Amino acid sequence: MLTQLEVKKSTTNTGVKIFSFHGELDETNVDTTFPNIIADIGEFAGNRTLFHLGNLHYLNSKSIGYIADIAQRTEDGGGKFALCELSSEVRDTLDLVGITSIIPVYDNEQTALTELSK
């Protein structure tokens with residue numbers, strides 16, 4: 001049985017792609033979710049992407065690997081990648097593995113968009 005997860009995609013007028021996660025990322029949905037996101041991002045060169053995680057309540061280690069991969073591919077392509085509005089559960093997990101020390105994290109979406117649009 002698949003765990004409930006919804007990912008909404010939007011793009012700002014400055015070209016920042018926003019992916020808003022609602023639910024949980026686990027073994028039942030991670031391998032179908034992230035390939036779709038990577039396809040939606042498309043070319044990583046110069047891309048600016050924001051993951052809004054305020055309504056994500058759980059993510060497994062494979063999810064963290066995908067996030068780190070997307071961040072690295074974006075950075076390698078000269079783009080920008082950030083996370084915002086992390087739920088307390090997700091922040092604790094990402095802090096524990098050190099992701100928050102290598103990927104920019106913002107308390108709110110507007111601040112993140114301002115930084116990504118520079």
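S.K.: How do you make sense of the sheet that holds strand 4 (residues 80–84) when you look at a structure like this?
M.R.: Within a sheet, adjacent strands bond to each other through the backbone by hydrogen bonds, running parallel or antiparallel. If you trace the five strands from one edge of the open sheet to the other, you get 1-2-3-4-5, paired in mixed fashion. Here the strands that pair on one side only, and so sit at the sheet edges, are strand 1 (5–11) and strand 5 (105–106). Across two bridges, the pairing between strand 4 and strand 5 is parallel. For Cys 84, the partnering residue across the bridge sits in strand 5 and is Tyr 106.

S.K.: Just to check I follow, could you spell out unusual backbone geometry for this structure?
M.R.: Glycine aside, the phi torsion of most residues is negative, and most peptide linkages are trans. Even without being a glycine, Glu 85 presents a positive backbone phi close to 50°. Here Glu 85 shows up in the loop between strand 4 and helix 3 (88–97). Judged by its relative accessible area of 29%, Glu 85 falls in the partly exposed class.

S.K.: Before we go on, may I ask you to explain the packing of aromatic side chains in this structure?
M.R.: Centre-to-centre distance and the angle between the planes together describe a pair of aromatic rings. The final tally for this structure, using the stated rule, is six aromatic pairs. Consider the rings of Phe 19 and Phe 51, whose centres lie 5.8 Å apart with planes at 75°: the pair is edge-to-face. Pair noted here: Phe 19 is in strand 2 (residues 17–25) and Phe 51 is in strand 3 (residues 48–59), with a separation of 32 residues, a long-range link. Overall, the relative accessible area of 1% leaves Phe 19 in the buried class. Classification of Phe 51 as buried rests on a relative accessible area of 0%. Linked through ring pairs, Phe 19, Phe 21, Phe 34, Phe 51, Tyr 66 and Phe 81 together constitute an aromatic cluster.

Conventions we followed
Residues numbered from 1 in each chain as written. Predicted model: local features only at pLDDT ≥ 70, side-chain atom pairs only at ≥ 80, totals over all residues. Heavy atoms only, no water. Pairing = 2+ DSSP bridges. Helix = DSSP H or I, 4+ residues; strand = E, 2+ residues; numbered from the N terminus. Buried < 20%, exposed > 50% of the residue type's maximum accessible area, 1.4 Å probe, protein only. Phe/Tyr/Trp six-rings, centres within 6.5 Å; stacked < 30°, edge-to-face > 60°.

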